[in-house]
Amino acid sequence: MRLDPRTGWCLGVRHCPSANFNARPDGEISLLVIHNISLPPGQFGTGKVQEFFQNRLVVDEHPYFAGIAEMRVSAHFLIERDGAVTQFVSCQDRAWHAGVSCFAGRENCNDFSIGIELEGTDELPFSDAQYRVLVELTRQLQAAYPAIGLDRICGHSDIAPGRKTDPGPCFDWARYRAALLDKE
Ligand SMILES: [Zn+2]
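What comes next is a walk through the structure.

## Observations regarding the side chain of His97
- In this fold, His97 is placed in the loop between strand 8 (93-95) and strand 9 (102-103).
- Residue His97 is classed as buried on the basis of its relative accessible area of 7%.
- When neighbours within four sequence positions are excluded, His97 is seen to be in contact with Val33, His35, Ser74, Ala75, His76, Asn110, Ser113, Ile114, Gly115 and His156.

Here it is as structure tokens:
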């Protein structure tokens, strides 16, 4: 994969453009937020996260969908269990992943952040493929947007405490950070 900083789209990954984005108010990209999601919760490889971010979720398909189908949300990227990457929104644009949030005293983290969803739950370890691809993608993002330092990578639960729990206790921050520091 290769991120084109001119367009904000990553080459060599699947593109599923979402309508759920708008312009960043001042163009700043200086924070990376890690999430987890699965639809229905705990089921993987269903394609429903893609449908959700494209406002195509069919309410009748699962009881859980009724409560979320009308939500207008997105993330920049989804990394599935097998390491497959899908991009929904250009990094240049503001995806709608963080909601009410605050990082280092600044609210509305969507304004200045990139959101990566790992397919998963709070209860299950993530896959080796997901860590490998997450590190590769993070490096691309850090190269394009140098303001995303190691100290500016956080979890959704860090910027929305009490409201959000993802990526959850099974996400191995030490493994992720060590891999980012490893110059291979
Ligand atoms: Zn989240």
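That covers the picture; the talk isn't over yet.
## Here we look at the pattern of salt bridges
- Enumeration according to the criterion identifies six salt bridges in this entry.
- A salt bridge links Glu51 to Lys48; the shortest N-O distance between them is 3.3 Å. Linking Glu51 with Lys48, this pair stays in helix 1 (residues 48-53), spanning three residues, or about one helical turn. Pair check on accessibility: Glu51 and Lys48 agree, each one buried.
- For the salt bridge of Arg175 with Asp128, the shortest nitrogen-to-oxygen distance reads 3.0 Å. One end of the pair, Arg175, is in helix 5 (residues 173-181); the other, Asp128, is in helix 3 (residues 128-144), and 47 residues separate them in sequence.
- Judged by its relative accessible area of 36%, Arg175 is partly exposed.
- Judged by relative accessible area, which is 54%, Asp128 ranks as exposed.
- When salt bridges that share partners are traced, they join Lys48, Glu51 and Glu61 into one network.

## Digging into the sheet that holds strand 6 (residues 77-79)
- A sheet is described by the order of its strands in space; here six strands give the open sequence 3-7-6-11-5-12, paired in mixed fashion. Lying at the two open borders of the sheet, with one neighbouring strand each, are strand 3 (14-15) and strand 12 (153-155).
- In this structure, strand 5 (residues 31-37) lies alongside strand 11 (residues 113-119), joined through seven bridges in parallel fashion. Following the sheet pairing, His35 is matched in strand 11 by Glu117.
- Lying over the sheet, helix 5 contacts strand 5 and strand 12, oriented at roughly 165 degrees with respect to strand 12.

## Section: the side chain of Glu51
- Classification of Glu51 by relative accessible area gives buried; the value is 14%.
- In this view, Glu51 contacts Arg56, Leu57, Val58 and Glu61; residues no more than four positions away in its chain are not counted.

## Digging into the coordination of the zinc ion
- Looking at the zinc ion, the protein donor atoms are His35 (ND1), His156 (ND1) and Asp166 (OD), and they sit 2.0 to 2.1 Å from it.
- One chain supplies every donor for the zinc ion, spaced along it as H-x120-H-x9-D. Separated by 131 residues along the polypeptide, His35 in strand 5 and Asp166 in the loop between helix 4 (156-159) and helix 5 bring together distant segments of the chain.

What counts, and where the lines are drawn
- Residues numbered from 1 in each chain as written.
- Predicted model: local features only at pLDDT ≥ 70, side-chain atom pairs only at ≥ 80, totals over all residues.
- Heavy atoms only, no water.
- Helix = DSSP H or I, 4+ residues; strand = E, 2+ residues; numbered from the N terminus.
- Buried < 20%, exposed > 50% of the residue type's maximum accessible area, 1.4 Å probe, protein only.
- Contact = heavy atoms within 4.5 Å.
- Salt bridge = Lys/Arg side-chain N within 4 Å of Asp/Glu carboxyl O.
- Pairing = 2+ DSSP bridges.
- Axes fitted to C-alpha atoms, helices over the stretch in contact; angles between N-to-C directions.
- Donors = N, O, S within 2.8 Å, 3.2 Å for Na, K, Ca; no water.

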